[in-house]
Number of protein chains: 4
Amino acid sequence: MIDVQNQKDKRNIPIQRVGVKGVEIPLRIEKKDDKEGLIVYCRATMSVSLPSCFRGTHMSRFIEVLNDYKEKCLLSSDIEKILFNVKNKLEADSAYIKLDFKYFIEKQAPVSGYKSNMCYDCSFEGEVDENCNFKFYLVTFVPITTLCPCSKEISQFGAHNQRALLRIKVSYDNNHHIWLEDLIKLAESCSSSEIYSLLKREDEKFVTETAYQNPKFVEDVIRDIVLKLDSNDIINFYEVEVEAFESIHNHNAFAYQKCSK
Amino acid sequence: MIDVQNQKDKRNIPIQRVGVKGVEIPLRIEKKDDKEGLIVYCRATMSVSLPSCFRGTHMSRFIEVLNDYKEKCLLSSDIEKILFNVKNKLEADSAYIKLDFKYFIEKQAPVSGYKSNMCYDCSFEGEVDENCNFKFYLVTFVPITTLCPCSKEISQFGAHNQRALLRIKVSYDNNHHIWLEDLIKLAESCSSSEIYSLLKREDEKFVTETAYQNPKFVEDVIRDIVLKLDSNDIINFYEVEVEAFESIHNHNAFAYQKCSK
Amino acid sequence: MIDVQNQKDKRNIPIQRVGVKGVEIPLRIEKKDDKEGLIVYCRATMSVSLPSCFRGTHMSRFIEVLNDYKEKCLLSSDIEKILFNVKNKLEADSAYIKLDFKYFIEKQAPVSGYKSNMCYDCSFEGEVDENCNFKFYLVTFVPITTLCPCSKEISQFGAHNQRALLRIKVSYDNNHHIWLEDLIKLAESCSSSEIYSLLKREDEKFVTETAYQNPKFVEDVIRDIVLKLDSNDIINFYEVEVEAFESIHNHNAFAYQKCSK
Amino acid sequence: MIDVQNQKDKRNIPIQRVGVKGVEIPLRIEKKDDKEGLIVYCRATMSVSLPSCFRGTHMSRFIEVLNDYKEKCLLSSDIEKILFNVKNKLEADSAYIKLDFKYFIEKQAPVSGYKSNMCYDCSFEGEVDENCNFKFYLVTFVPITTLCPCSKEISQFGAHNQRALLRIKVSYDNNHHIWLEDLIKLAESCSSSEIYSLLKREDEKFVTETAYQNPKFVEDVIRDIVLKLDSNDIINFYEVEVEAFESIHNHNAFAYQKCSK
């Protein structure tokens, strides 16, 4: 059967990224406190570069490589292995992957101590370039509460507050490791108040008062997280964004910072 | 050229709805205070019933009918005309349409009086049955603020509040008319506080204090809107739902009611 | 601490549904061929009716009930137990639940036999009414290929085809059981061709030729699935919809049927 | 009333972007063939940089600036004016804007000549930096058909095809102008076949046969568009991505290229 993808291409254009998106697969991710790991729902993007001489890449091989890692308990360091497998199997100069998954962490309510699950959108992202340099990114989206300092200051009582989403993307040297659990805690520590799935009345009182005593603009959240990321010696790159779903508007406030150390 | 859709079908199954979804079209909608109307971005769903004897319907005719109404300034009463046109053009027993559009209303900030636009997701929905009875539904999604009565009561200061979305769907006799402007005002009057696009500091103070003095569970919002819809003699059907994007959780609270008078 | 939710409400309006939406939780679902079941990512909606006398319901109890079922291997029959637990814990007359989850099934490519995962959006939906009657619904969204019979017939070569999504919702007597695996197979058997995650060239040839030899309008897909559901003695209710993401348009074609036997 | 945003901040961190997202507003965009322009539904993102000394920015001013441009007929060159207004009004070093809007173009069916509207997601994106340099980006998402060359080659009859989305982002010198109409035509010329809202049978035959005679991988689409963008002297930057919603898979194939000349 003819291999159309392998046909010569005469347009003389190498392509930077060719691949698949929206590949759904169950993966197992190692947790900080559980070697067995967690089975997660994952949507994968995978691509390779394509030399100018070939007409197309062999897309089914991405799925084959991914299937090989279905049973394993993944750490961020496995991303490098996956990428080199992709690179070899598709005879490519460079390779890219992003695994977007739903990560659950058990969390205790602040006063009652009741336990429940919080779900965080997280990603492992990585690339290997033509010189075989590997770069890894850890990404998490953390829901938090922000309470408006201006609203508190100018009002006789109350202050508008809302759910906000803090996205953190970091990179670090390959001989180090950062757990999602720790990155999420870092994010939550920069909020007006953390968010929980299960709160009894004593917890709701605590969360309400904590937020009121700890007012933060999106600008404050970004500066607080930037301070913590700047002082972290392992992290050599970060991109952070907080978006607050303003309770008094139908649009959102946001702040954004990106830094390569 | 052969007409495959017109071929006889032997499975003996009439189909209730066959048609198109996600048809994007600019429409002109009449405003309460502006005969010229407003040009809106619309996504249309249109369908007809299909008798058991025919294999398929002629989908392109939906688009043709819709195009005929592109230039006109639509009122809810035009929906009936569109449906009868569809019914005739496709020789169908019954017809259905839903026009989902982005509707803008200019709104004044409560203290400063500054004007800005609020955008509301709205729909005109209608059907004509095999007995030529016409039924029309008016739908709107109104963003509001809710402030939690429990959080206010049990906390020394502050109270969690958040953006919420109140969906109202109503039907009424065809010899009456309800303006979107009025339905949206009704919805906003059942909130802890209305929402605005543009608020100066004096407005933010007003909105914050209003919400604090007017705490509402989703249950309160639903009961308040139900009371108003029950007492409206024109309305003969309603379905209402409010969903609050809780600032202390990553999930939402909701309340729902449906009623045919 | 005062219980605001338990306060008397004087508006005299019982509410049909009060509860939570978008609760994310990992659940374990029993598979047809695996008693151990599958860990799935789930988004839950849960609600109860609220008598006119109470101001609010106790939302945290929904999460508590759900947490109790986190470790168990769920069958559709467990939905009844969850609902009665909710009803008791919240002292409610009626209760409702919908669990939307990502369900994976291993599937073999049609010629090469290569195995890979297909992901299907599925739901368990149930309600218990004031007379303690339990009603259960099984829902699945199945991606398929449809190839247009008209395009094939009128064109010298080729025929437009596209991904389509077939949604099936069924209900059946509580002393019976239908596996998601079987419902999904039923859906796939009504397509122009099934869809796979991993196809080698010999499979792609097979899938292309199968679709071409098996052209179907959305009307054909609906009639074929309706025939199969009508002839199934266990099923006492169904609602089916197929939506085809037309490759020649930027809008979709759909067909819909609902039936209570 | 105290101005909390103007308070001194001691964390010594200037912020790159602070602003608003999801601001909905109706705008008027000038068309190539219509000086009157088109009223479009727009979602805006606007931000400024914030010096380290100030605690927050004044978010309401973004809305004020945007409101000033509501009635005007916008060209891409107006983006520069908006940005300088934002910069001045918020006393900022740099400013950023992205206007995402729904753009309609009337299109004729290829054989019958019937006219209908196609809707394209488009954006005007711009930034002014601390040196007052202005950079503008024009973005469009164009739905097209792709027909698989491999599937055609290896199959006795037929070939799988599908809707795909081609995103093009370009930048060019400020003394030039590129119309959305022309950028969209460029995109459509790189497809297996263009897409239309309204096709009669003779058009459907044409579109089906055109796609079959013009098979393209996502790799082919990207190379064809890259060739055209490379040979355009006005364009000094481009980023292109095509994503095909494969009819034989439930995931997508994509190709991506970025280039600064």
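Residues numbered from 1 in each chain as written. Chains lettered and ligands numbered in written order. Predicted model: local features only at pLDDT ≥ 70, side-chain atom pairs only at ≥ 80, totals over all residues. Heavy atoms only, no water.

### Some points on the overall build of chain A
So, step 1. Looking only at helices and strands, chain A has six helices and nine strands in total.
So, step 2. The 261 residues of chain A split such that 64% are buried.
So, step 3. Counting only contacts in chain A whose residues sit at least 6 apart along the sequence, the fraction spanning at least 24 positions is 65%.
So, step 4. Summing over all exposed atoms, chain A offers an accessible surface of approximately 9700 Å²; the carbon and sulfur share of this is 45%.
So, step 5. Each charge class in chain A can be summarised by its mean position, and for the 35 positive and 40 negative side chains these summaries are 3 Å apart. (Helix = DSSP H or I, 4+ residues; strand = E, 2+ residues; numbered from the N terminus. Buried < 20%, exposed > 50% of the residue type's maximum accessible area, 1.4 Å probe, protein only. Contact = heavy atoms within 4.5 Å. Areas by Shrake-Rupley, 256 points an atom, 1.4 Å probe, with all protein chains shown as cover. Lys, Arg positive; Asp, Glu negative; His and termini not counted. Charge placed at Lys NZ, Arg CZ, Asp CG, Glu CD.)

### Quick notes on the interface of chain D and chain A
So, step 1. Taken together, the contact between chain D and chain A spans 55 residues of the former and 55 residues of the latter.
So, step 2. Counting each side, the surface lost to burial between chain D and chain A is near 4400 Å², with a carbon and sulfur contribution of 56%.
So, step 3. Its largest share of buried area at the contact with chain A, chain D owes to Lys21(D), Arg223(D) and Phe254(D), together 19% of the area lost on that side.
So, step 4. In this assembly, chain D and chain A are joined by ten salt bridges.
So, step 5. Asp220(A) serves as the salt-bridge partner of Arg11(D), at 2.5 Å between the closest nitrogen and oxygen.
So, step 6. Linking chain D to chain A there are 31 residue pairs in polar contact (both at pLDDT 80 or more).
So, step 7. For the side of chain D that touches chain A, the secondary-structure elements that each account for two or more residues are strand 1 (15-31), strand 2 (34-50), helix 3 (149-154), helix 6 (218-230), strand 8 (235-244) and strand 9 (252-260) of chain D.
So, step 8. A total of ten residues in the side of chain D that touches chain A trace back to one element, the largest contributor, which is strand 1 of chain D.
So, step 9. Split by residue class, the side of chain D that touches chain A holds 28 nonpolar, 13 polar and 14 charged.
So, step 10. Note: strand 1 (residues 15-31) of chain A against strand 9 of chain D, five bridges, orientation antiparallel. (Buried area = accessible area lost by both parts, 1.4 Å probe. Salt bridge = Lys/Arg side-chain N within 4 Å of Asp/Glu carboxyl O. Polar contact = N/O pair within 3.5 Å; in protein donor to acceptor, adjacent residues only side chain to side chain. Nonpolar A, V, L, I, M, F, W, Y, C, P; charged D, E, K, R; others polar. Pairing = 2+ DSSP bridges.)

### Section: the relation of the copies chain D and chain A
So, step 1. Mapping chain D onto chain A calls for a screw motion: a turn of 180° about the axis and a shift of 0.0 Å along it, with 0.0 Å RMSD after fitting. Within this description, the copies of the chain are treated as partners about a two-fold rotation axis. Nearest to the rotation axis, the C-alpha of Lys258(D) is located 10 Å from it, this being the minimum over chain D.
So, step 2. Taken together, the interface assignments show that 100% of the residues at the interface of chain D recur at the interface of chain A, consistent with an identical surface on both copies. (Least-squares fit on C-alpha atoms with pLDDT ≥ 70 in both.)

### Description of the interface of chain A and chain B
So, step 1. Taken together, the 37 residues of chain A in the interface contact 37 residues of chain B.
So, step 2. Buried area between chain A and chain B, both sides added, is near 3100 Å², and the carbon and sulfur share of it is 54%.
So, step 3. Contact with chain B buries surface across chain A, with Phe157(A), Arg163(A) and Ile248(A) losing the most and accounting together for 21% of the total.
So, step 4. Taken together, chain A and chain B are joined by zero salt bridges.
So, step 5. The tally of links from chain A across to chain B stands at 27 residue pairs in polar contact (both at pLDDT 80 or more).
So, step 6. Of all elements in the fold, only strand 5 (115-128), strand 6 (134-147), helix 3 (149-154), strand 7 (161-172) and helix 5 (201-212) of chain A reach the threshold of two or more residues within the side of chain A that touches chain B.

### Remarks on unusual backbone geometry
Residue and element names in this part refer to chain A.
So, step 1. Despite not being glycine, Cys-132 shows a phi value in the positive range, around 65°.
So, step 2. Residue placement: Cys-132 occurs in the loop between strand 5 and strand 6.
So, step 3. Here Cys-132 falls in the partly exposed class, since its relative accessible area comes to 40%.

### Examining the side chain of Glu204(B)
So, step 1. Here Glu204(B) shows up in helix 5 (residues 201-212).
So, step 2. It turns out Glu204(B) is buried and unbridged, and the closest side chain with the opposite charge, Arg201(B), is 6.8 Å from it.
So, step 3. Other than its neighbours up to four places away in sequence, Glu204(B) contacts Cys148(A), Cys150(A), Ser151(A), Ile154(A), Ser155(A), His160(A), Ile248(A) and Leu199(B).

### A few points about the nonpolar core
So, step 1. By size, the foremost hydrophobic cluster in this structure holds 291 residues, and its most contacted members are Leu99(C) and Leu99(D).
So, step 2. Beyond its immediate stretch of four places on either side in the chain, Leu99(C) contacts Leu27(C), Cys42(C), Arg43(C), Ala44(C), Leu66(C), Leu74(C), Ile79(C), Cys122(C), Ser123(C) and Phe124(C). (Core = buried A, V, L, I, M, F, W, Y, C linked by side-chain atoms within 4.5 Å.)

### Things to note about the side chain of Arg55(B)
So, step 1. Locating Arg55(B) in the fold gives a position in the loop between strand 2 (34-50) and helix 1 (60-68).
So, step 2. Looking at Arg55(B), the relative accessible area reads 16%, which means it is buried.
So, step 3. Apart from the residues within four sequence positions on either side, Arg55(B) is in contact with Val4(B), Gln5(B), Gln7(B), Asp9(B), Leu50(B), Pro149(C), Pro215(C), Phe217(C), Glu219(C), Asp220(C) and Arg223(C).

### So, helix 4 (residues 180-188) of chain C
Residues and elements named next belong to chain C.
So, step 1. Turning to helix 4, its buried residues number three or more, namely Leu-180, Glu-181, Leu-183, Ile-184, Ala-187 and Glu-188. Taken down its axis, helix 4 places every buried residue within 165° of arc, on the same side.
So, step 2. Against the buried residues of helix 4 lie strand 1 (15-31), strand 4 (95-108), strand 5 (115-128), strand 6 (134-147), strand 7 (161-172) and helix 6 (218-230). (Arc of directions from axis to C-beta.)

### Remarks on the pairing of strand 1 of chain D
Residue and element names in this part refer to chain D.
So, step 1. Burial analysis of strand 1 places 13 of its 17 residues in the buried class, which makes it a mostly covered element.
So, step 2. Two elements, strand 1 and strand 2, share twelve bridges in a ladder whose sense is antiparallel. When the sheet's bridge partners are listed, Lys-31 is paired in strand 2 with Asp-34.

### A few points about helix 1 (residues 60-68) of chain C
So, step 1. Across the nine residues of helix 1 of chain C, seven count as buried, placing the element largely inside the fold.
So, step 2. If you check which residues of helix 1 of chain C are buried, you get Ser60(C), Phe62(C), Ile63(C), Glu64(C), Val65(C), Leu66(C) and Asn67(C).

### A look at the relation of the copies chain A and chain B
So, step 1. If you rotate chain A by 180° and push it 0.0 Å along the axis, it lands on chain B with an RMSD of 0.0 Å.
So, step 2. Mapped onto chain B, 100% of the interface residues of chain A are again interface residues, and the two copies thus contact each other with one and the same surface.

### Observations concerning the packing of aromatic side chains
All names here are of chain A.
So, step 1. Per the stated rule, a full pass over the model turns up 34 aromatic pairs over all chains.
So, step 2. Joined through ring pairs, the aromatic side chains of Phe-101, Tyr-103, Phe-124, Phe-134, Phe-136 and Tyr-172 make up one cluster.
So, step 3. One Lys or Arg, Lys-200, reaches over the ring of Tyr-114 and ends 5.8 Å from the middle of that ring. (Phe/Tyr/Trp six-rings, centres within 6.5 Å; stacked < 30°, edge-to-face > 60°. Lys NZ or Arg CZ within 6 Å of the ring centre and 35° of its normal.)

### Quick word on the environment of Asp182(D)
Residue and element names in this part refer to chain D.
So, step 1. Within the fold, Asp-182 resides in helix 4 (residues 180-188).
So, step 2. Using a relative accessible area of 31% as the deciding quantity, one classes Asp-182 as partly exposed.
So, step 3. Distance in space between the C-alpha atoms of Asp-182 and Asn-12 is 47 Å, their sequence separation being 170 residues.

### Observations regarding the state of the cysteines
Residue and element names in this part refer to chain A.
So, step 1. Counted under the stated rule, the structure contains zero disulfides over all chains.
So, step 2. In this structure Cys-119 is not part of a disulfide, and its nearest cysteine sulfur, from Cys-122, lies 8.0 Å away.
So, step 3. Classification of Cys-119 as buried rests on a relative accessible area of 6%.
So, step 4. The thiol of Cys-150 is not disulfide-bonded; the next cysteine sulfur, from Cys-148, is found 5.0 Å away.
So, step 5. The buried category is assigned to Cys-150, whose relative accessible area is 1%. (Disulfide = S-S within 2.5 Å.)

### Points about the pairing of strand 6 (residues 134-147) of chain B
All names here are of chain B.
So, step 1. Burial runs high along strand 6: twelve of the 14 residues are buried.
So, step 2. Bridge count between strand 5 (residues 115-128) and strand 6: eight bridges; the pairing is antiparallel. Opposite Phe-124, over in strand 6, you have Leu-138 as the bridge partner.
So, step 3. Taking the residues that link successive antiparallel strands as the turn, the strand 5-strand 6 hairpin has five residues, and the phi of Cys-132 there is positive, at about 65°.
So, step 4. Relative to strand 7 (residues 161-172), strand 6 runs antiparallel, the two sharing eleven bridges. Counted as the bridge partner of Tyr-137 is Ser-171 from strand 7.

### A few points about the pattern of salt bridges
Note that side chains of opposite charge can pair when their charged atoms are close.
So, step 1. Summed over the entire model, instances satisfying the criterion amount to 100 salt bridges over all chains.
So, step 2. Between Glu194(C) and Lys107(C) there is a salt bridge whose closest N-O contact spans 3.0 Å. Taken together, the positions of Glu194(C) in the loop between helix 4 and helix 5 (201-212) and Lys107(C) in strand 4 put the pair 87 residues apart, joining distant regions of the chain.
So, step 3. Judged by relative accessible area, which is 27%, Glu194(C) ranks as partly exposed.
So, step 4. What makes Lys107(C) buried here is its relative accessible area of 11%.
So, step 5. Among the ionic pairs, Asp9(D) bridges to Arg11(D), the shortest N-O distance being 2.5 Å.

### Thoughts on the packing of helix 1 of chain B against helix 2 (residues 76-89) of chain B
Residue and element names in this part refer to chain B.
So, step 1. Following both chains from N to C, one finds helix 1 and helix 2 inclined at 145°, their axes separated by 10 Å at the closest point. Between helix 1 and helix 2 lies a crossing whose hand is right-handed. Contacts between helix 1 and helix 2 involve Arg-61, Phe-62, Glu-64 and Val-65 on the former and, on the latter, Ile-82, Asn-85, Val-86 and Lys-89.
So, step 2. Across the contact of helix 1 with helix 2, the residue classes tally to four nonpolar, one polar and three charged. (Axes fitted to C-alpha atoms, helices over the stretch in contact; angles between N-to-C directions. Left-handed = near helix turned anticlockwise from the far one by under 90°.)

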